[in-house]
Amino acid sequence: MGGAYLVRGATAAAVFLGLAALTATGEPPPITIDYPQEGSVFPPEITPPTFLWRDPSPDAAYWRIEIAFTGGAPALQASSRGERLPIGEIDPRAVAATNELPKLTPEQAAARTWKPDPETWEAIKRASVERPATVTISGFRGEESGPVLSRGRVGFKTSKDPVGAPIFYRDVPLMPSELEKGVIKPLPNSALPLIGWRLRDVGQSRSRLLVDGLYTCANCHSFSADGKTLGMDLDGPRNDKGMYAIAPIAPRMTIRNEDVMSWNSFREMPSSPMRAGFMSQVSPDGRFVVTTVNPARDNLRASYYVANFKDYRFLQVFYPTRGILAWYNRATGRIQSLPGADDPAYVQTDAVWSPDGQYLVFARAAAREPYPEGRKMAEYSNDPNETQIQYDLYRIPFNDGRGGRPEPIEGASRNGMSNSFPKVSPDGRWIVFVQSRNGQLMRPDSRLYIVPAGGGKARRMRCNTPLMNSWHSFSPNGRWMVFSSKARSPYTQMYLTHIDEEGNDSPAILIDDATAANRAVNIPEFVNIPPDGMVKIDVPAVEFYRLFDKAWELTQKGGSDEAIEAWMAALEISPEDGRANNNLGALLLSRGRYDEAMPRFETALRVNPAAADGPHNNLGLILMQKKRWDEATAHFEQAIAVNPRFAEARFNLGNAHFYRGRIPEALAAWREGLRIEPHVSVLSQAARVLATWPVDSVRNGREAVALGEWAVKLSEGRIPETFDALAAAYAEAGRFSDAVNAMRRAQALAVEQNRPDLIEGLKARLALYENRQPFREKAVTNGAPVASK
């Protein structure tokens, strides 16, 4: 390593005259200086870098390093034995059969190094602020004077602009596994606790671990411009990809379950089975969050192309092929689509805010099937078998959530490439985005481009490295940008570049020692706080999710007392969680413990009115059992008001009307529910009432037959009650031969399934049909209410 010493007056002249004499008969072979690159710009607070060079002379064993400055500062001189580049620290927990230990490339293995000591580096930075410094590296056989065997030079400077903020990033192992098609999850569940989140001040040599050991996966994060609010995508219970945490930033902060909202409460399109927020972004003032959600008719697998690879170097590819922009209002708790970016004919994604929050920039492409029929799955990144998609960047006004007309951004659209992941500079003048041939983000060929925010000529940035450039973020002062790259290693590292007022950037500067050599850095994001603004993050929400999943699994296995205890344990951590209260209530309801269940549903209603459909429905079921018909009916109607496509609530509303003898109202509610979702027992019940009710104005043989046949088909002909109802419908329609055949099938199934409770009634009704007489109901039959979970 070695310190430096000043070269003054005659001594400095003698040194440089001596070098000139040595080269008078011809330049020595050139040293290749790999790092830093010519024209690099260092932040004033950054720690000493490691200089890398390759010497063509096999005899060189000692290197003299001379640093010259413009502006009159005295030169510095140091020496190096040219130590080889170390691999770095290895995390044994991240070693797996599916990855490899990091190793040096041939160029890296041939490289020599010099790392200035802190005092020397501070002197270099002071003398090179906004003025070039030239480092000359000369190779010798030994420390004694002798011929110069090799020489190389590189120029750089130190910026007057500080970075001014730490970087928050995710620290991950690369341990690929065979996972489910269409699921964005590159690690096995056992490796999730190895993911960490760190904070790095570039003025320090190491980062600070904020949190690790989580049971679930947390993903993309963003911050408000003032550094007061953190937003983070979070996988919730039952692998729910629609959770989002929003928490105030503090040195010792906590993310509780109460700090988590769900994109699944988006009620404009309630029929989607599961939603995910993708690339969610907190607004500059922290009041809103914008994200991409899947359209109503599509589940997650119909909206994203995901391929997981065995190659740890690029172990997955993912990008949306359908989706609309939605935004969340923290004050009201309401989620709405953004008009102008909600067209299901397109996929709209990667939305980011302008610094003033007045407009959004997002990526758009024509929507398509993520997995076209007959297409082979990709086996590696940039495999031609990937579903092909190229995004264009658009700009749209936010307009207090009213949106507007999206306009393509010239230079970042319609250029034959895929343009994605835009970021707007803090002064609002520039957009930096990722360009690749297909898809977005972590592509081997991804490059960073900069374009005027209003559109214009896009420039390929000087900071780009040879392999993968993405996940970029502007510093709060706009003068620095951090990004991720695999230029030096398959284990992704992060780099800095300086960007001046005219959008000109400098070669990349490595942020060294961000994590172990066999772990990867991703999603680096500047956060506008002091270096000690985040020290520790506790996430009790995740322990709640673990207990929630345990309780859910036990409930699915039969709802034992152990399941009830598990729900109670989860609620000890988060007593106000609406889902856990509702699920515990439903379990108690199923076991007839109505008085214990009711307060659970009432709590769920109170704490999460946006998701009140299930609790209202379940309260209605309890009130039906207590024969409090008016109150039950009111709850079912409120459930439907919250979620008009909630078929179960419509079925149960029909049952409530039926118990009270309001048969036309019951049939109307059942019909509405069946239009949303066919249900075997409801189809049979409606068919039976339409066929057998003693009031002539209620009966409708044709409709009864249609519903009865639908029930038989839906049940695949395995339920005797469906044939019983169908036989009654045929009889009402005058088709007695069909009625007899259907009833005999019902009898055969009842015998086969050992159903003595049915056999006598079926026999009596068969006799009626054989005598060409329809069956008439004499008493109200029992409906089939179902508890919602």
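Residues numbered from 1 in each chain as written. Predicted model: local features only at pLDDT ≥ 70, side-chain atom pairs only at ≥ 80, totals over all residues. Heavy atoms only, no water.

Trainee: Even after reading the chapter, I still don't get helix α10 (residues 647–659), so can you show me in this structure?
Mentor: Given 3.6 residues per turn, any residue in an α-helix points the same way as the ones three and four places further on. Between its terminal C-alpha atoms α10 stretches 19 Å, which fits the 18 Å expected from 13 residues at 1.5 Å a residue. Taking burial as the measure, the 13 residues of α10 include 11 buried ones, the bulk of the element. When we look at burial in α10, the residues that qualify are Ala-647, Ala-649, Arg-650, Phe-651, Asn-652, Leu-653, Gly-654, Asn-655, Ala-656, His-657 and Phe-658. The inward-facing, buried residues of α10 contact α8 (613–625), α9 (629–642), α11 (663–676) and α12 (680–692). Where α10 ends, the next residue or the one after it, Gly-661, has phi of about 85°, a positive value. (Helix = DSSP H or I, 4+ residues; strand = E, 2+ residues; numbered from the N terminus. Expected span 1.5 Å × (residues − 1). Buried < 20%, exposed > 50% of the residue type's maximum accessible area, 1.4 Å probe, protein only. Contact = heavy atoms within 4.5 Å.)

Trainee: Any chance you could explain the environment of Arg-287 here in plain terms?
Mentor: Within the secondary structure layout, Arg-287 lies in the loop between β19 (278–282) and β20 (288–293). Residue contacts for Arg-287: discarding those within four places in its chain leaves Tyr-328, Asn-329 and Arg-330.

Trainee: Looking at this structure, how should I read the pairing of strand β33 (residues 469–474)?
Mentor: Two faces, one strand: in a regular strand the side chains alternate between the faces of the sheet. A large share of β33 lies buried, amounting to six of its six residues. Two elements, β33 and strand β34 (residues 480–485), share four bridges in a ladder whose sense is antiparallel. Of the residues in β34, the one forming a bridge with Ser-470 is Ser-484. Counted along the chain from β33 to the antiparallel partner β34, the turn is five residues long, and its residue Gly-478 has a positive phi close to 80°. (Pairing = 2+ DSSP bridges.)

Trainee: Looking at this model, I keep getting lost on the packing of α8 against α9. Mind explaining?
Mentor: For any two helices packed against each other, the geometry is given by the interaxial angle and the distance between the axes. The contact between α8 and α9 brings their axes to 8 Å, and the two run at 165°. Classified by the angle between their axes, α8 and α9 sit roughly antiparallel to one another. Pair α8 / α9 crosses with left-handed handedness. Along the contact surface, α8 presents Asp-613, His-616, Asn-617, Leu-619, Gly-620, Leu-621, Leu-623 and Met-624, while α9 presents Trp-629, Glu-631, Ala-632, His-635, Phe-636, Gln-638, Ala-639 and Val-642. Of the residues belonging to the contact of α8 with α9, the class tally is nine nonpolar, five polar and two charged. (Axes fitted to C-alpha atoms, helices over the stretch in contact; angles between N-to-C directions. Parallel < 35°, antiparallel > 145°, perpendicular 65-115°, else oblique. Left-handed = near helix turned anticlockwise from the far one by under 90°. Nonpolar A, V, L, I, M, F, W, Y, C, P; charged D, E, K, R; others polar.)

Trainee: Explanation requested: α9 in the structure shown.
Mentor: The terminal C-alpha atoms of α9, which comprises 14 residues, lie 20 Å apart, in line with the 20 Å expected from a rise of 1.5 Å per residue. Those residues of α9 that sit buried are Ala-632, Thr-633, His-635, Phe-636, Ala-639 and Ile-640. Down the axis of α9, the buried set is contained in an arc of 160°. They therefore lie on one face. Along α9, exposed side chains directed more than 90 degrees from the buried face belong to Asp-630 and Ala-641. (Arc of directions from axis to C-beta.)

Trainee: It is not clear to me how the sheet that holds β34 should be interpreted in this structure. Could you clarify?
Mentor: What links the strands of a sheet is backbone hydrogen bonding, and the strands pair in either a parallel or an antiparallel sense. Taken together, the four strands give an open sheet; going across it, the order is β33-β34-β35-β36, and neighbouring strands pair in antiparallel fashion. At either margin of the open sheet sits one strand with a lone partner, and together these are β33 and β36 (509–510). Pairing between β34 and strand β35 (residues 493–498): six bridges, direction antiparallel. Bridged to Ser-485 within β35 is Gln-493.

Trainee: Looking at this structure, I do not really get the packing of aromatic side chains. What am I missing?
Mentor: Tallied over the entire structure, the rule returns 30 aromatic pairs. Ring geometry for Phe-278 versus Phe-318: centroids 6.0 Å apart, planes at 90°, classification edge-to-face. Here Phe-318 lies in strand β22 (residues 316–320) and Phe-278 lies in strand β19, a separation of 40 residues in the sequence. The pair formed by Phe-278 and Phe-318 is uniform in burial state, with each residue classed as buried. Ring geometry for Phe-288 against Trp-353: centres 6.4 Å apart, planes inclined by 25°, an arrangement best described as stacked. Taken together, the positions of Phe-288 in strand β20 and Trp-353 in strand β25 (residues 346–353) put the pair 65 residues apart, joining distant regions of the chain. (Phe/Tyr/Trp six-rings, centres within 6.5 Å; stacked < 30°, edge-to-face > 60°.)

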